[in-house]
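Now for the letters of each chain:
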Amino acid sequence: MDAPLAERIRPRTLEQYVSQSHLVGEVGILTNQLKMGFIPSMIFWGPPGTGKTTLAQIIAQQSERPFFSLSAINAGVKDIREVIDKAKASPGLFTAKNPILFIDEIHRFSKSQQDSLLGAVEKGWVTLIGATTENPSFEVIPALLSRCQVYVLNAFTKQDLNDLLQRALKEDKILQTKDIELQQTEALFRLSGGDGRKLLNTFELIINSTANNKITITDELVMRIVQKNTVLYDKTGEQHYDIISAFIKSIRGSDPNAAVYWLARMIEGGEDVKFIARRLVIAASEDIGNANPTALIMATSTFQAVSVIGNPESRILLSQCAVYLATSAKSNSTYLAIGKAQQIVKQTGDLSIPIHLRNAPTKLMKELGYGQQYQYSHDYADNFAYQEFLPEELSGTIFYEPGQNQRENSTREFLKTRWSLKYKY
């Protein structure tokens, strides 16, 4: 039986590797480390199908190091110790080319499992490369995280996905036996969601579902075949991000019934309850925000609770929180505010801080006038003193526009009262 397309064209060198130029381009940090022969322990953080496993294999191959691999889905402390013992027996130990231990989905390791790696990493028995789709700040213990560099891998761009397809058509011997025309690729790219492996799996599905050797790829063909072959929820692959997307969009759209349905799909599929709870925390701030600040408190409490309780009872807490968020007033005003502010910062750079807002810890700074004209708000009526808090170039710029809901309508009136001469609320 032939290996899947994604495996058949898996890159073997950095030159074949698609995307992540910030890491493996001509001036990429990993490119330079490989040239110097210095490979630190590291964590690759990025969405599925962005080449984390492949990159670890290439690093081991190009640095000529022994390579040991574990998956956190089915490995325990015993497996970790066995691999570390093998690594300790390898000829590269305590040299510039000590063995690489790759752990896929390292966020699924418990604290005790991660603890079992510490000694090997600290003593140089192995160079650890972990791969995770989750924020390592939350999922990797501090002691291990402090010993690793964290490198972020980005979802593939349309150009990356196109390059991947072209490479498959050019290099794969099975595809070369067919007459394939890429007439339209929008549906393929959209369905992939920036996941290179998903793109290749979908493309191979289309090819294998067509009896003729001459195949014209169109958006209509792709959607028709994919909809016939939709797989059940897979927490480690294809529909992981599609279902969580449907879940969050149902909450944003104030539909508790749909939210509970997608929640049930994830629970029945064995999804990590902390993954679901973390997305609820984000939704509580991004989609509800100051329309109902209690939502964030509830979502955070839910995350803390499911982290302690676990399955199967966590489903009750998650359902309660999902329904609460779905039926809450909605506002994305603070989410839009920080986005606008960040964009202005990128455009204007480091504008000068008004001198009256600056800190004055030294005599010289005081002599230069730092902080002298600052008006302490609590010394004034209603705890408010009209003064400038933005750089001069941005005076009067509105970043936060209150949403249209009961609570933020009150906020708008408060701002009008305080800032009628400056901000046009």
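Refer to the structure presented above.
Everything in this summary refers to the structure shown in the same document. From a predicted model like this one, the values you see are computed outputs, not experimental measurements. (Residues numbered from 1 in each chain as written. Predicted model: local features only at pLDDT ≥ 70, side-chain atom pairs only at ≥ 80, totals over all residues. Heavy atoms only, no water.)

### Concerning helix H18 (residues 314-326)
Put simply, the rule is: By definition, any uninterrupted DSSP run of H or I lasting at least four residues is a helix, any uninterrupted run of E lasting at least two residues is a strand, and each is numbered from the N terminus. Under the convention used throughout, the expected extent of a helix is 1.5 Å for every residue step, that is, one less than its residue count. A 1.4 Å probe rolled over the protein chains alone gives each residue an accessible area, and that area as a share of the maximum for its type sets the label: buried under 20%, exposed over 50%, partly exposed in between. Picture the helix axis, draw a direction to every C-beta atom, and the arc is the one those directions span.
Compared with an ideal rise of 1.5 Å per residue, which puts 13 residues at 18 Å, H18 spans 18 Å between its outermost C-alpha atoms and is within 8% of the ideal. Here H18 has its buried residues at Ser314, Leu318, Cys321, Ala322, Leu325 and Ala326. Looking straight down H18, one finds that the buried residues subtend no more than 130° of arc, so they occupy a single side.

### Digging into unusual backbone geometry
Backbone geometry places serine 19, a non-glycine residue, at a positive phi of 80°. One can find serine 19 in the loop between helix H1 (5-8) and helix H2 (21-24). On the accessibility criterion, serine 19 (17% relative accessible area) is buried. Positive phi outside glycine occurs at glutamine 20, with the angle close to 55°.

### A closer look at the environment of leucine 101
Heads up, the condition is: Any two residues having at least one pair of non-hydrogen atoms within 4.5 Å are treated as being in contact.
Summarising the element assignment, leucine 101 is placed in strand E3 (residues 100-104). Look at leucine 101 and you get buried, because its relative accessible area is 1%. Not counting residues up to four positions away in its chain, the partners in contact with leucine 101 are Phe68, Leu70, Val83, Leu117, Val126, Thr127, Leu128 and Ile129.

### With respect to the side chain of aspartate 160
Our working definition: Residues counted as positive are Lys and Arg, residues counted as negative are Asp and Glu, and His and the chain ends are not counted. Counted as salt bridges are all cases of a side-chain nitrogen of Lys or Arg within 4 Å of a carboxyl oxygen of Asp or Glu.
By secondary structure assignment, the location of aspartate 160 is in helix H9 (residues 158-171). Among buried charged residues, aspartate 160 stands out as having no salt bridge; its nearest opposite-charge side chain is arginine 167, 12 Å away.

### With respect to helix H16 (residues 273-288)
To keep things clear, this is the line we draw: For this analysis, a polar contact is any N or O atom pair within 3.5 Å, provided that within protein one partner can donate a hydrogen and the other can accept it, and provided that sequence-adjacent residues contribute only side-chain to side-chain pairs.
With 16 residues, H16 ought to run about 22 Å at 1.5 Å a step, and its terminal C-alpha atoms sit 21 Å apart, in line with that. What H16 keeps buried is the set Val273, Phe275, Ile276, Ala277, Arg278, Arg279, Leu280, Ala283, Ala284, Asp287 and Ile288. The distance from a side-chain oxygen at the start of H16 to the backbone nitrogen of lysine 274 is 3.0 Å, and the residue carrying that oxygen is aspartate 272. Looking one or two places after H16, you find glycine 289, whose phi comes out positive at around 50°.

### Re the packing of helix H17 (residues 294-309) against H18
Our working rule: Between N-to-C directions, angles span 0 to 180 degrees; the directions come from axes that are lines fitted to C-alpha atoms, helices contributing only their stretch in contact. For classification purposes, angles smaller than 35 degrees are called roughly parallel, those larger than 145 roughly antiparallel, those between 65 and 115 roughly perpendicular, and all remaining angles oblique. Think of it as three bins: nonpolar holds Ala, Val, Leu, Ile, Met, Phe, Trp, Tyr, Cys and Pro, charged holds Asp, Glu, Lys and Arg, and polar takes everything else, Gly as well.
Look at H17 against H18: their axes get within 9 Å of each other, and the N-to-C directions meet at 170°. With respect to H18, the element H17 is oriented roughly antiparallel. Contacts between H17 and H18 involve Thr294, Ala295, Met298, Ala299, Thr302, Ala305, Val306 and Ile309 from the former and Ser314, Leu317, Leu318, Gln320, Cys321, Tyr324 and Leu325 from the latter. Partitioned by chemical class, the residues of the contact of H17 with H18 number 11 nonpolar, four polar and no charged.

### Side note on the environment of isoleucine 215
Relative to the assigned elements, isoleucine 215 resides in strand E7 (residues 214-217). When its relative accessible area of 2% is taken as the criterion, isoleucine 215 is described as buried. Residues isoleucine 215 and aspartate 179 lie 36 residues apart in sequence; the distance between their C-alpha atoms is 6.1 Å. Setting aside anything within four residues of it in sequence, one finds isoleucine 215 in contact with Lys178, Asp179, Ile180, Glu181, Ile207, Thr210 and Leu221.

### Some remarks on the nonpolar core
Basically, it comes down to this: Nine residue types can take part in a nonpolar core, namely buried Ala, Val, Leu, Ile, Met, Phe, Trp, Tyr and Cys, and a core is a set of them joined through side-chain atoms within 4.5 Å.
Ranked by internal contacts, the top residues of the largest apolar core, which has 25 residues, are Leu188, Phe203 and Ile217. Among the elements that line this core, the one with the most residues is helix H12 (residues 196-208), at five residues. Those residues in contact with isoleucine 217, other than ones at most four positions away along the chain, are Ile180, Glu181, Leu182, Gln183, Gln184, Leu188, Phe203, Ile206, Ile207 and Val222.

### Details of the packing of aromatic side chains
To keep it simple, the criterion reads: Only Phe, Tyr and Trp rings take part, Trp by its six-membered ring, and two of them pair if their centres are within 6.5 Å. Stacked means planes under 30 degrees apart, edge-to-face means over 60, and tilted covers everything else.
Scanning all chains against the criterion turns up seven aromatic pairs. Ring geometry for tyrosine 261 and tryptophan 262: centres 4.8 Å apart, planes at 70°, overall edge-to-face. Exposure remark for tyrosine 261: the relative accessible area of 42% places this residue in the partly exposed category. Arranged with centres 5.0 Å apart and planes meeting at 85°, the rings of phenylalanine 384 and tryptophan 419 form a pair that is edge-to-face. Here the residue phenylalanine 384 occupies a position in the loop between helix H20 (363-367) and helix H21 (406-419), and tryptophan 419 occupies one in helix H21, the gap between them amounting to 35 residues. On the accessibility criterion, tryptophan 419 (11% relative accessible area) is buried.

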